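# Observations on chain architecture
Each chain is listed here by its residues.
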Number of protein chains: 2
Amino acid sequence: MTRRDIPDATVARLPVYLRALHPLVTAGVEVVSSEELATIAGVRSAGLRKDLSYLGSYGVRGVGYDVERLASEITRQLGLQHPWSVAIIGMGNLGHALAAYSGFATRGFRVQWLVDRDPAVVGTEIAGMRVVDFEQFAATVTEQVIAVISTPPVAAQEVADAVVELGVRSILNFAPGVLSVPSHTQVRKVDLATELQILAFHEQRGKDDARIATDGIEASG
Amino acid sequence: MTRRDIPDATVARLPVYLRALHPLVTAGVEVVSSEELATIAGVRSAGLRKDLSYLGSYGVRGVGYDVERLASEITRQLGLQHPWSVAIIGMGNLGHALAAYSGFATRGFRVQWLVDRDPAVVGTEIAGMRVVDFEQFAATVTEQVIAVISTPPVAAQEVADAVVELGVRSILNFAPGVLSVPSHTQVRKVDLATELQILAFHEQRGKDDARIATDGIEASG
DNA sequence: AAGACTTTGTGAAGGCATGCACAAAATCGC
DNA sequence: GCGATTTTGTGCATGCCTTCACAAAGTCTT
Ligand SMILES: NC(=O)c1ccc[n+]([C@@H]2O[C@H](COP(=O)([O-])OP(=O)(O)OC[C@H]3O[C@@H](n4cnc5c(N)ncnc54)[C@H](O)[C@@H]3O)[C@@H](O)[C@H]2O)c1
Ligand SMILES: NC(=O)c1ccc[n+]([C@@H]2O[C@H](COP(=O)([O-])OP(=O)(O)OC[C@H]3O[C@@H](n4cnc5c(N)ncnc54)[C@H](O)[C@@H]3O)[C@@H](O)[C@H]2O)c1
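A brief structural summary. Predicted, not measured: the structure shown is a model, and the values here were computed from it.

Here we come to the pattern of salt bridges. Applying the stated criterion to the full structure yields 14 salt bridges over all chains. The partner of Arg19(A) in a salt bridge is Asp191(B), and the shortest N-O contact between them spans 3.6 Å. Residue Arg19(A) is found in helix α1 (residues 8–27), and its partner Asp191(B) is found in the loop between β10 (186–189) and α8 (192–205); the two belong to separate chains. You can call Arg19(A) buried: its relative accessible area is 19%. Here Asp191(B) falls in the buried class, since its relative accessible area comes to 7%. A salt bridge links Asp191(B) to Arg107(A), with the nearest nitrogen and oxygen atoms 3.1 Å apart. Taken together, the residues span two chains, with Asp191(B) in the loop between β10 and α8 and Arg107(A) in the loop between α5 (93–100) and β5 (109–115). With respect to class, Asp191(B) is no different from Arg107(A); both count as buried. Put simply, Arg19(A), Arg107(A) and Asp191(B) are held in one network by salt bridges that share partners.

So, on to the relation of the copies chain B and chain A. Between the two copies, chain B and chain A, the superposition gives an RMSD of 0.0 Å; the rotation angle is 180° and the shift along the axis is 0.0 Å. Within this description, the copies of the chain are treated as partners about a two-fold rotation axis. When you check the interface residues of chain B against chain A, 99% turn up at the interface there too, and the contact is symmetric in its surfaces.

Next up on the list: the protein's contact with DNA strand C. Taken together, 25 residues form the shell around DNA strand C, and within it Ser34(A), Arg49(A), Tyr65(A), Arg13(B) and Arg61(B) come nearest. Sugar plus phosphate: this is where 66% of the atoms of DNA strand C within 4 Å of the protein reside. If you list the elements that add at least two residues to the surface near DNA strand C, you get α3 (45–53), β2 (59–60) and β3 (64–66) of chain A together with α1 (8–27) and α3 (45–53) of chain B. Residues belonging to the surface near DNA strand C are distributed by class as follows: nine nonpolar, seven polar and nine charged.

Quick notes on the rules
Residues numbered from 1 in each chain as written. Chains lettered and ligands numbered in written order. Predicted model: local features only at pLDDT ≥ 70, side-chain atom pairs only at ≥ 80, totals over all residues. Heavy atoms only, no water. Salt bridge = Lys/Arg side-chain N within 4 Å of Asp/Glu carboxyl O. Helix = DSSP H or I, 4+ residues; strand = E, 2+ residues; numbered from the N terminus. Buried < 20%, exposed > 50% of the residue type's maximum accessible area, 1.4 Å probe, protein only. Least-squares fit on C-alpha atoms with pLDDT ≥ 70 in both. Contact = heavy atoms within 4.5 Å. Near = heavy atom within 4 Å. Nonpolar A, V, L, I, M, F, W, Y, C, P; charged D, E, K, R; others polar.

Right, here's the structure in full:
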């Protein structure tokens with residue numbers, strides 16, 4: 001029961017629920033109903049309950065869910081009890097912003113390496129961290145690490161190959177284009193122009209309809 | 001037939017196909033088969049053909065698809081014949097990177113306004129553009145515009161309310177959290193910490209399995 | 001202690017998306 | 001001009017996700 005197979009769609013929403021729970025935890029709220037939490041998270045209550053049921057039975061009928069217990073259970077399921085190490089590769093405009101982003105640390109990640117190949121960038125300090133070249137990165141990385149690729153598109157594949165070679169099995173890719181990786185490696189991509197193009201399609205077409213959200217759901221009230 | 005209803009999943013992949021076609025167009029390739037294009041785009045050929053069939057019959061059996069015609073048809077369907085105006089609101093770390101990003105211009109978008117509320121930022125120049133405050137933005141915006149929100153999370157809702165008030169119906173939101181908007185407004189959100197958390201889940205769990213991609217598909221060869 | 005009330009957990013149904021397999025349609029070679 | 005070959009377009013089956021609806025299980029009131 002604890003180890004049922006969790007559907008992909010549910011996994012993608014667990015982070016949303018966790019973030020929705022956070023203010024409740026800090027506010028000291030003890031219990032929350034699926035209805036309330038669903039509103040905060042921007043989903044339907046029935047779907048929320050079904051999602052949570054995959055984690056086991058952590059609610060109490062007639063009452064709701066214990067906020068702290070639920071948060072800690074989702075945290076455990078996502079594997080966020082201990083922070084993950086992250087390496088950002090490609091310290092250009094986007095890499096700078098990512099390095100300075102505080103949202104990673106508060107949500108279970110520790111940016112541990114800033115990597116670039118440009119000798120003019122290597123050795124400089126960004127957001128309090130020293131930028132290293134790939135060799136230094138390769139020499140110091142030991143633990144499990146998630147690689148964030150923010151190099152130009154033309155360099156993305158070679159960077160992916162190199163980090164896979166180092167044993168990395170999780171990649172977040174900002175460079176538009178398809179990465180070829182071994183089947184045991186997972187890649188998630190963020191393509192901002194694609195997002196805008198999807199918006200453009202609906203804006204152009206749906207003079208009437210218009211709703212649609214990425215994977216969560218846009219709120220109502 | 002031209003105006004069949006295009007499924008959301010297909011719409012989300014059209015930008016991928018368009019990007020896959022681009023190098024072929026510039027290389028002067030005249031025809032491409034669904035097999036070849038699917039490989040470039042990182043999808044299955046059967047799915048690609050089904051997706052394209054929603055646009056109408058633009059392939060020739062036994063031959064393939066006319067590269068230029070297909071690209072122009074997808075461009076038309078996405079509403080990208082003419083560039084869309086984009087306003088970036090919140091010129092911090094992320095806003096800077098977005099303003100400097102050349103990938104928007106090459107894929108159908110023109111960043112026309114950089115907006116911030118901080119008097120120390122308003123009036124400065126970023127990536128060759130002058131930063132304005134919201135009042136100046138509100139006074140000069142006339143045409144259809146897509147709003148990109150890159151303010152801190154706490155300001156995101158009020159900014160969304162303000163741009164909706166101006167008539168904006170498409171929002172790309174980088175601030176984590178749920179936005180409440182009228183039903184005729186579409187919101188897409190990009191939440192990087194969520195992406196990392198999904199990667200963390202699979203990395204922690206799937207010692208064996210691991211595949212999964214955002215909405216596209218990670219490549220094979 | 002029992003009945004009223006609340007809210008979870010889930011079975012069942014419907015809708016979408018994906019993948020398969022093949023007929024239809026076009027070209028090419030002779 | 002015809003048969004072999006290639007590749008599209010799509011009907012069908014399968015599986016996944018979402019939504020509905022309600023029984024089960026708990027609390028609260030009296
Ligand atoms: N800037 C944005 O807002 C934005 C938005 C969406 C997507 N992207 C994508 O993100 C990527 C980075 O964008 P950017 O604007 O920061 O580009 P950029 O040119 O400013 O920075 C790229 C950096 O990568 C480094 N680099 C190049 N090859 C490398 C290698 N092999 N190993 C390590 N480092 C290497 C360069 O030295 C440079 O510092 C691009 O693929 C871009 O398409 C950027
Ligand atoms: N930096 C990143 O890489 C990154 C990554 C993912 C998500 N985000 C999110 O993107 C948003 C921006 O991040 P950032 O690092 O650039 O933050 P930042 O603090 O560097 O910049 C925020 C900017 O928004 C401006 N601002 C605040 N309120 C405003 C308002 N009402 N109207 C207009 N402008 C306003 C501020 O003056 C500031 O310039 C945040 O919500 C953050 O969570 C950032």
